[in-house]
Amino acid sequence: MKQDYVPQIPYGTRDFLPREAGRKRVVEAGLAQLFSSWGYDEVVTPTFEYLETLLVGSANDAEQHMFKFLDKNNRILALRPDMTTPIARIAATRMREAGAPLRLFYLTNVFRYELAQAGRQCEFYQAGIELLGAPGPAADAEIIALAVAAMQEAGLTQFQVSLGQVDFINGIMAESELSASQQQLVKAAIIRRDLVGLGEILRTSGLSAAMQGFLQSIPVLHGRQEVFEQAYKMAPNAVSRGALDNLADIYRLLTSYGVEQHVNFDLGLIRDFDYYTGMVFEGYTPGLGFPVCGGGRYDKMLASFGSDSPATGFALGIERVLLALERQGLSTPPAAKDCYVAWQENSLPEAIAAANELRAEGWRVELALEPQSREDAAISMCQRCCAKLHYIGG
Ligand SMILES: N[C@@H](Cc1c[nH]c[nH+]1)C(=O)O
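An unreviewed UniProt entry lists the protein under the name ATP phosphoribosyltransferase regulatory subunit, with Anaerospora hongkongensis as the source organism. In the Sequence similarities (unreviewed entry) part of its UniProt record, the protein is described as follows: "Belongs to the class-II aminoacyl-tRNA synthetase family. HisZ subfamily." If you open the UniProt record of the protein and go to Function (unreviewed entry), you find "Required for the first step of histidine biosynthesis. May allow the feedback regulation of ATP phosphoribosyltransferase activity by histidine."

Following this line, the structure appears as structure tokens:
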């Protein structure tokens, strides 16, 4: 038969076939268990919301990355690009009286128009937490320590967390005499780690050579504690120093959690969400050119929903973890099913009863749908990835 219709799935989406879906389920189950053991409660929100809700706290260009459509009354809806905004909405409205701090977690799909590649699709899955109503370094340290625990729980053995603070750059920017649009360009170049582009912007900026030097070196302020001393010298303004003091406080607590060996400072770290107001971080693992997880403090967003409250959180990309595990040779093979129940002609009722009994005992059982000889059943058992054969009759 001539086949002229090949169904395609939309750009930036993917299927999870059984083996991958199985791995995804295992990682997600472990993370749900971990988050709940740290006192976090799961929430589920709508896949799509009103566009104006999802734009709260986001940059002007955020809309370009959203999937938008209309409802029957012509109101603009969008698929959620992350869970931070929907959770801020819940915390500021329906859970307003719940008593701070609120600890919430989620495991869900989110949607962003991106240039799709392995580990970076337009629809992807995140596991994340939000800690709302807590302003201090204790909350930020908890988030980072739990991000480390999440990467470990997911099976990663080699990873690093890069830790920054958006006020470090904000302080330097405020001190410089750059216009708002020049500041945007500088930040964009820093996000891209585009040292050449940054140099060009600075050369035509009219700033003093010393200030140009500071700004040019922000992206390379990356390393262990020695970076701090350099940064203190570079940024004598109060906002930047406040940011460094805040990082020092968080770091001290990370040593109490025993995770400091995983943490580096990266004072040029700016994440691509505009809502961050304090510490920001990203987790990296070998073999992936982008972070596996990321997060930070966002103290202004809840006020936009009518309830002024600080917040911090992070999200981990499930496909990214799965890809990293695969590339690092750490993927676990899918577990075989326990039993294949096959039956000879006219024995289906007994086979159903046997399968039910085994399932009640906790076995994973596949039941044959047609009668088979014992020999054929043995072959099927292997083909169906079952560990044992239970043959009824004969
Ligand atoms: N929503 C952010 C992560 C985050 C959670 N809370 C704060 N930040 C992301 O998708 O990367």
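Here the narrative resumes.
Enquirer: Would you take a moment to explain the UniProt feature "domain: Aminoacyl-transfer RNA synthetases class-II family profile" (unreviewed entry) in the protein for this structure?
Expert: Following the UniProt record, the feature "domain: Aminoacyl-transfer RNA synthetases class-II family profile" (unreviewed entry) maps to residues 27-333 here. What you have in residues 27-333 is 40% helix and 20% strand, and the ends, taken at the C-alpha atoms, are 13 Å apart.

Enquirer: Whenever I open this one, the pattern of salt bridges confuses me. Can you help?
Expert: Once the charged atoms of two side chains with opposite charge are near each other, the side chains can pair. Here the structure, examined in full by the defined rule, presents 15 salt bridges. In this structure, Arg14 engages Glu20 in a salt bridge whose closest nitrogen and oxygen atoms are separated by 3.1 Å. A residue is classified by how much of its surface remains accessible, and Glu20, at 30% relative accessible area, is partly exposed. For Glu282, the salt bridge is made with Arg271, and the minimal N-O distance between the two is 2.9 Å.

Enquirer: Quick question: what am I supposed to make of helix α4 (residues 137-153) here?
Expert: Because an α-helix completes one turn every 3.6 residues, residues spaced three or four positions apart along the sequence face the same direction. End to end, α4 covers 24 Å across 17 residues, agreeing with the expected 24 Å (1.5 Å per residue, within 8%). Burial within α4 is extensive, with 13 of its 17 residues counted as buried.

Enquirer: Would you take a moment to explain the sheet that holds strand β4 (residues 76-79) for this structure?
Expert: Working definition: the strands of a sheet are paired by backbone hydrogen bonds and lie parallel or antiparallel to each other. Taken in spatial order, the three strands make up an open sheet running β2-β4-β3, and their pairing is antiparallel. The open sheet terminates on both sides in strands that have one partner only, identified here as β2 (48-50) and β3 (68-70). On average, adjacent strands in this sheet sit at an angle of 35° to one another, irrespective of strand direction. One ladder, built from three bridges, connects β3 with β4; its direction is antiparallel. Counted as the bridge partner of Phe69 is Leu77 from β4.

Enquirer: Just to check I follow, could you spell out the site of the ligand for this structure?
Expert: Around the ligand sit 17 residues, and of these Asp82, Thr84, Glu130, Arg271 and Tyr276 come closest. Side-chain polar atom of Gln126 to an oxygen atom of the ligand: 2.9 Å apart, as the coordinates give it. Between Tyr275 and the ligand, the recorded distance is 3.0 Å, taken from a side-chain N or O atom to a nitrogen atom. Expressed as a share of its isolated accessible area of 300 Å², the protein-covered part of the ligand is 97%. Mapped onto the shell around the ligand, the elements with two or more residues apiece are β6 (123-132), β11 (293-297) and β12 (311-317). Classifying every residue of the shell around the ligand by side-chain character gives seven nonpolar, six polar and four charged.

Enquirer: Looking at this model, I keep getting lost on the UniProt feature "binding site: L-histidine" (unreviewed entry) in the protein. Mind explaining?
Expert: Using the residue numbers shown here, the UniProt feature "binding site: L-histidine" (unreviewed entry) corresponds to Asp82, Met83, Thr84, Arg112, Gln126, Glu130, Arg271, Tyr275 and Tyr276. Following the sequence through the fold, Glu130 ends up in strand β6. Not counting residues within four places of it along the chain, the set of residues in contact with Glu130 comprises Tyr40, Thr84, Ile87, Leu102, Arg103, Leu104, Tyr106, Tyr298, Thr312 and Gly313. Looking at the secondary structure, you find Tyr276 in the loop between β9 (263-266) and β10 (279-284). Among residues more than four places away in sequence, those in contact with Tyr276 are Val166, Arg271, Gly295, Gly296, Arg297 and Tyr298.

Enquirer: I would appreciate a short explanation of unusual backbone geometry in the present structure.
Expert: Peptide bonds are mostly trans, and most non-glycine residues show a negative phi. Backbone torsion omega between Ala100 and Pro101 reads -10°, so that peptide bond is classified as cis. Following the sequence through the fold, Pro101 ends up in the loop between α3 (84-92) and β5 (102-111). Phi at Asn74 is positive, roughly 65°, even though this residue is not glycine. Note on placement: Asn74 falls in the loop between β3 and β4. Unlike most non-glycine residues, Cys385 shows phi in positive territory, near 55°. Along the chain, the position of Cys385 falls in the loop between α14 (374-383) and β15 (386-392). Here Cys385 falls in the partly exposed class, since its relative accessible area comes to 49%.

About the criteria used
- Residues take numbers from 1 onward in each chain, read along the sequence in its written order.
- Per-residue local features are limited, in this predicted model, to residues with pLDDT of at least 70; the limit for side-chain atom pairs, both in listing and counting, is 80 or more; totals at the level of whole chains, interfaces and linings are taken over all residues.
- Side-chain descriptors were evaluated using all non-hydrogen atoms of the structure, hydrogens and water having been removed beforehand.
- UniProt positions are given in the numbering used here, feature names are shortened, and annotations may be inferred rather than shown by experiment.
- The helix and strand labels rest on DSSP assignments: H or I over at least four residues marks a helix, E over at least two residues marks a strand, and numbering proceeds from the N terminus.
- Salt bridges are defined as contacts in which a side-chain nitrogen from Lys or Arg sits within 4 Å of a carboxyl oxygen from Asp or Glu.
- Burial here depends on accessible area, computed with a 1.4 Å probe over protein chains only, as a share of the maximum for the residue type. Under 20% is buried, over 50% is exposed, and the range in between is partly exposed.
- Here the expected span of a helix is defined as 1.5 Å times the quantity of residues minus one.
- Two strands are said to pair when DSSP picks up at least two bridges between them.
- Inter-axis angles, ranging from 0 to 180 degrees, are taken between N-to-C directions of lines fitted to C-alpha atoms, where helices are fitted over the stretch in contact.
- Near is defined per residue: the residue qualifies when any heavy atom it owns lies within 4 Å of the molecule or strand.
- Polar contact criterion, stated in full: a pair of N or O atoms within 3.5 Å, where within protein one must be able to donate a hydrogen and the other to accept it, and residues adjacent in sequence count only if both atoms are side-chain atoms.
- Residue exposure ignores everything except the shown protein chains as possible cover, and the areas themselves are Shrake-Rupley values with a 1.4 Å probe.
- Each residue gets one of three labels, nonpolar for Ala, Val, Leu, Ile, Met, Phe, Trp, Tyr, Cys and Pro, charged for Asp, Glu, Lys and Arg, and polar for the others, Gly among them.
- The contact criterion used is simple: two residues touch if any of their non-hydrogen atoms lie within 4.5 Å.

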